2 protein chains.
Amino acid sequence: MFSEQHRKAGVTYPQGFKAAGVKAGIKKSGNLDVAVIYTERQANVAGVFTQNAVAAAPVFASKKVVASGTAHAVTANAGCANACTGEQGTQDAARMQAVTAEALGCEPLDVIVASTGVIGVNLPMDKMEAGIKQAVEELSETGSETAGQAIVTTDTYSKSCATEVTIGGKEVRFGAIAKGSGMIQPNMATMLCFITTDAAISQPRLQQALSEVTEVSFNMISIDGDMSTNDMAVVLANGAAGNKEITEDDADFEVFKATLRELCQGLARRIAADGEGATKFLTVQVRGANSFADAKQIGMSVAKSPLVKTAFFGEDPNWGRVICAVGYAGVPMEPEKTVVKFGDIPVYKYGVGADYDEAALREVMGQHDIVIDIDMGTGSAEATVWTCDFSYEYVKINGEYHT
Amino acid sequence: MFSEQHRKAGVTYPQGFKAAGVKAGIKKSGNLDVAVIYTERQANVAGVFTQNAVAAAPVFASKKVVASGTAHAVTANAGCANACTGEQGTQDAARMQAVTAEALGCEPLDVIVASTGVIGVNLPMDKMEAGIKQAVEELSETGSETAGQAIVTTDTYSKSCATEVTIGGKEVRFGAIAKGSGMIQPNMATMLCFITTDAAISQPRLQQALSEVTEVSFNMISIDGDMSTNDMAVVLANGAAGNKEITEDDADFEVFKATLRELCQGLARRIAADGEGATKFLTVQVRGANSFADAKQIGMSVAKSPLVKTAFFGEDPNWGRVICAVGYAGVPMEPEKTVVKFGDIPVYKYGVGADYDEAALREVMGQHDIVIDIDMGTGSAEATVWTCDFSYEYVKINGEYHT
């Protein structure tokens, strides 16, 4: 699903979807910054949103669209988050919906809206309106790439993918574009993900699938422990594949969910790997825990530790910091039952440091992708968290990014 | 209490206390690394310890001393944490107590022991034994300065202070040495603090005072969100001042506790200000909250956000990141009642950005000490958290420090 062909196809891979990204002048860089995704055929819609109490105006607007159950379009911009913008922000988000709806010939409540970028600044609505109209004019079946580029901020590349699966004898397609980078944290941080599918699936099952999949994909990544005001993942299912509509928790639903999970986990890994300033991609794999919640809490404690993250940046096999972060995770643990490996090399075993081949360990630490494997030795539950290291570049990006 | 004279006097300011720090060869740098503090007159002892499940051997040994109620000495070293060292580590901590006791003529259970430094390495016990003996020989009433230097690791300066107060007509003195720097986090992270006083106070009151004061001092600082395996704060009270012993929760106890609080808050602020790589000292002052716990949780959420910390490093008045961290603190909030100020300049007010004088705000951001004032507008509880910014230097120190 990450082949060049699938990547290019993105959200326009499923039947009946068009997309476009345009330069509206909202980003200071002058790059692509307004995206529209459209399905003429009405789609069932599901969404998961930031849990930040200071949620942005478009989050509230899009929640109402999801509550209505159906949608025709997504309009998103980068460069300005429309967060902490009060009544003006609410009006601007509504105007994004109205302008899109008018251009497409649908209702405002059919339009998901999303914004990402600087907080506390009002959207330049003249530019936005012109951008939306232009994007609608340029909608095409090959427009996913420009749409994907229009939603990124400090990402070094746009994330998109697509895949297909057979459900009820019909080929069902999925596509997605996503952005991540800074402010990534469990429970949806400045992360936007728009997923399209031509599957026929009822709204309740669609929401169930997205909610369950989010728990083991987007909510398992952490870049820096911050949770943004604007995050959302939305899926539109327009039924064009012609499969018998999925309405029950049956075998078809399991196939749908498994495919969606694979898609979202792939995107989550790529978002973590492209964390701001990242030089390493770290997979924290916790096994032998008493519950998934415990395993996740331990994994997150390790993934969020700046001391662990800077050690990996320095390629220093400082397992003391890892076991220390396990110890303060707030989950009962028995050091004398715990084993920590970097790659496949045990570095901590049953309460003390393990004897290891220094040259072999150095080789593991020198790689770009490193697995931190933690076996708690007390149960059978597991969880995998993805993160990246903490570099000079992270400090530079975030000390200079502005406002 | 931070005058040059008081600072030099440190733990030997109260009557009957001696101290010394020596070079035992445990630190690679060859600097002072073993400290002994001693009171011939038996002292009541109280302590607070790391809550990390992977606590170091000396933590377990010292908890037993505190449980016994009295002590004569503290022996501490830097350069090696004696953590994750298994049975050998337990024996080494016991040996530190035994060697100190033999040299001083007291019992092993009279000796608090503490270690800080690299995790997972065994103490070089030959060097340690020689160091302890030498330190005991060098004990003096002016030895606090060398003792203070012997417990630091990446601290840029040793923290010590002293003060006096009148209790029951008698002058009662207090002194302290402390170390902090990396791995600092609420609930006692690689922080060591040894406090001496000549007050006469019962052990239960001494423990009560230390526990209460820790909640509003050491547990209110965060450098990077990590909690070490070795933290402890210990207070020895030898009664040499001759005041009527404090045994009740009365006026004398209040005076004692207030003085201890001022001492510990002063040290906590200095530990935060000297966080690894710090270029700014940040005071996060949360007011108008529904409870102290809420206010602390909000303050910590802001103080621990890498995005907030890098923004202050870059002198960027990015209030969006502050309000974002307030929003995900996990405490109910009403954005339309919240006001955020940097210094005395409102930057966020009732849900939206405030109009401010850019030049005046630039001046605030350029200062070394900056107050982030957050008024939640919903209650009357408050809490103050101290932290520092996140710099290139932090990444450098922690990417290169080794193991």
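Residues numbered from 1 in each chain as written. Chains lettered and ligands numbered in written order. Predicted model: local features only at pLDDT ≥ 70, side-chain atom pairs only at ≥ 80, totals over all residues.

(A) Molecular detail of the overall build of chain A. Helix and strand content of chain A: twelve helices and 15 strands. Expressed as lengths along the three principal axes of its C-alpha atoms, the size of chain A is roughly 70 × 50 × 35 Å. The 403 residues of chain A split such that 61% are buried. Once local pairs closer than 6 in sequence are excluded, the contacts in chain A between residues at least 24 apart make up 80%. (Helix = DSSP H or I, 4+ residues; strand = E, 2+ residues; numbered from the N terminus. Buried ≥ 20, exposed ≤ 12 C-beta atoms within 10 Å, placed from the backbone. Contact = placed C-beta atoms within 7 Å.)

(B) Local environment of the environment of B:Val364. Among the secondary structure elements, B:Val364 is positioned in helix α11 (residues 358-366). Residues B:Val364 and B:Ile345 lie 19 residues apart in sequence; the distance between their C-alpha atoms is 8.5 Å.

(C) Representation of the packing of helix α6 (residues 203-215) of chain A against helix α7 (residues 251-273) of chain A. All names here are of chain A. Orientation of α6 relative to α7, taken along the N-to-C sense of each, is 40 degrees, at an axis distance of 9 Å. By the angle between their axes, α6 is oblique relative to α7. The two elements α6 and α7 meet at a crossing, and its hand is right-handed. Contacts between α6 and α7 pair Arg205, Ala209, Glu212, Val213 and Thr214 from the former with Phe253, Phe256, Lys257, Leu260, Arg261 and Cys264 from the latter. (Axes fitted to C-alpha atoms, helices over the stretch in contact; angles between N-to-C directions. Parallel < 35°, antiparallel > 145°, perpendicular 65-115°, else oblique. Left-handed = near helix turned anticlockwise from the far one by under 90°.)

(D) Representation of the sheet that holds strand β14 (residues 369-375) of chain A. Residues and elements named next belong to chain A. Strand order in the open sheet made by the seven strands is β8-β15-β10-β14-β11-β12-β13, with mixed pairing throughout. This sheet does not close on itself; its edge strands, each paired only once, are β8 (221-222) and β13 (352-353). In the sheet, strand β11 (residues 339-342) pairs with strand β12 (residues 345-349) via four bridges, with the strands oriented antiparallel. Paired with Val339 across the two strands is Lys349, which belongs to β12. Sheet strands touched by α7: β8, β10 (281-289) and β15 (381-388). Its angle to β15, the strand with the most contacts, is close to 40 degrees. (Pairing = 2+ DSSP bridges.)

(E) The domain arrangement of chain A, seen in detail. Partitioning chain A into domains gives domain 1 (4-273) and domain 2 (281-400). Here the C-alpha centroids of domain 1 of chain A and domain 2 of chain A sit 32 Å apart. (Domains from an automatic or database assignment.)

(F) Focus on the sheet that holds strand β11 (residues 339-342) of chain B. Residue and element names in this part refer to chain B. Read from one edge to the other, the open sheet built from seven strands follows the order β8-β15-β10-β14-β11-β12-β13, with strand pairing classed as mixed. Pairing within the sheet leaves two strands with one partner each, and these edge strands are β8 (221-222) and β13 (352-353). Here strand β12 (residues 345-349) pairs with β13 via two bridges, running antiparallel. By the bridge assignment for β13, Lys349 is matched with Val352.

(G) Structural view of helix α9 (residues 306-313) of chain A. All names here are of chain A. Summarising burial for α9: eight of the eight residues are buried, a large majority. The complete set of buried residues in α9 reads Pro306, Leu307, Val308, Lys309, Thr310, Ala311, Phe312 and Phe313. Two residues or fewer past α9, Glu315 is found with a positive phi of approximately 55 degrees.

(H) Region of the structure containing the packing of helix α8 (residues 292-304) of chain B against helix α10 (residues 319-327) of chain B. Residue and element names in this part refer to chain B. The contact between α8 and α10 brings their axes to 8 Å, and the two run at 135 degrees. With respect to their mutual orientation, α8 and α10 come out oblique. Relative to α10, α8 is oriented so that their crossing is right-handed. Along its contact with α8, which presents Ile298, Ser301 and Val302, the element α10 presents Val322, Ala325 and Val326. For the contact of α8 with α10, the per-class residue count stands at five nonpolar, one polar and no charged. (Nonpolar A, V, L, I, M, F, W, Y, C, P; charged D, E, K, R; others polar.)

(I) Local environment of the environment of B:Met300. Assignment of secondary structure puts B:Met300 in helix α8. Sequence-wise, B:Met300 and B:Ile246 are 54 residues apart; in three dimensions their C-alpha atoms are separated by 34 Å.

(J) View of the nonpolar core. Grouped together as the largest cluster of nonpolar side chains are 272 residues, with contacts concentrated most on A:Val36, A:Ile37, A:Ala176, B:Val36, B:Ile37 and B:Ala176. B:Ile37 has contacts with B:Val11, B:Phe17, B:Ala19, B:Ala73, B:Val74, B:Ala147, B:Phe194 and B:Thr196, leaving out every residue within four places of it along the chain. (Core = buried A, V, L, I, M, F, W, Y, C linked by C-beta atoms within 7 Å.)

(K) Just unusual backbone geometry, in detail. Positive phi outside glycine occurs at A:Glu315, with the angle close to 55 degrees. In this structure A:Glu315 comes out as partly exposed when scored by C-beta crowding, with 16 C-beta atoms within 10 Å.

(L) Just the confidence of the model for chain A, in detail. Here chain A averages 91 in pLDDT, and 95% of its residues register 70 or above. The ipTM assigned to the predicted complex is 0.75, against a pTM of 0.82. (pLDDT = per-residue confidence, 0-100.)

(M) Focus on the pairing of strand β9 (residues 232-237) of chain A. Residues and elements named next belong to chain A. The buried count for β9 comes to six of six residues, which makes it a mostly enclosed element. The alternating pattern of β9 places Met232, Val234 and Leu236 and Ala233, Val235 and Ala237 on opposite faces, both of which are buried. With six bridges joining them, strand β2 (residues 34-49) and β9 adopt antiparallel strand pairing. When the bridges of β9 are listed, Gly47 appears paired with Val234. Relative to β9, strand β7 (residues 192-197) runs parallel, the two sharing six bridges. Across the sheet, residue Leu192 finds its bridge partner in β9, namely Met232.

(N) Molecular detail of the environment of A:Gly343. Residues and elements named next belong to chain A. Along the chain, Gly343 turns up in the loop between β11 and β12. Spatially, the C-alpha atoms of Gly343 and Tyr392 are 24 Å apart, while their sequence positions differ by 49 residues. Those residues in contact with Gly343, other than ones at most four positions away along the chain, are Val364, Ile370 and Val371.

(O) Spatial organisation of α10(B). The buried fraction of α10(B) is high, at nine of nine residues. All buried positions along α10(B) are accounted for by B:Trp319, B:Gly320, B:Arg321, B:Val322, B:Ile323, B:Cys324, B:Ala325, B:Val326 and B:Gly327.

(P) Broad picture of the pairing of β11(A). All names here are of chain A. Taking the residues between adjacent antiparallel strands as the criterion, β11 and β12 are bridged by two residues, where Gly343 takes a positive phi near 60 degrees. Sheet analysis places β11 next to β14, joined by four bridges and oriented antiparallel. Bridge assignment links Val340 to a residue of β14, and that residue is Ile374.

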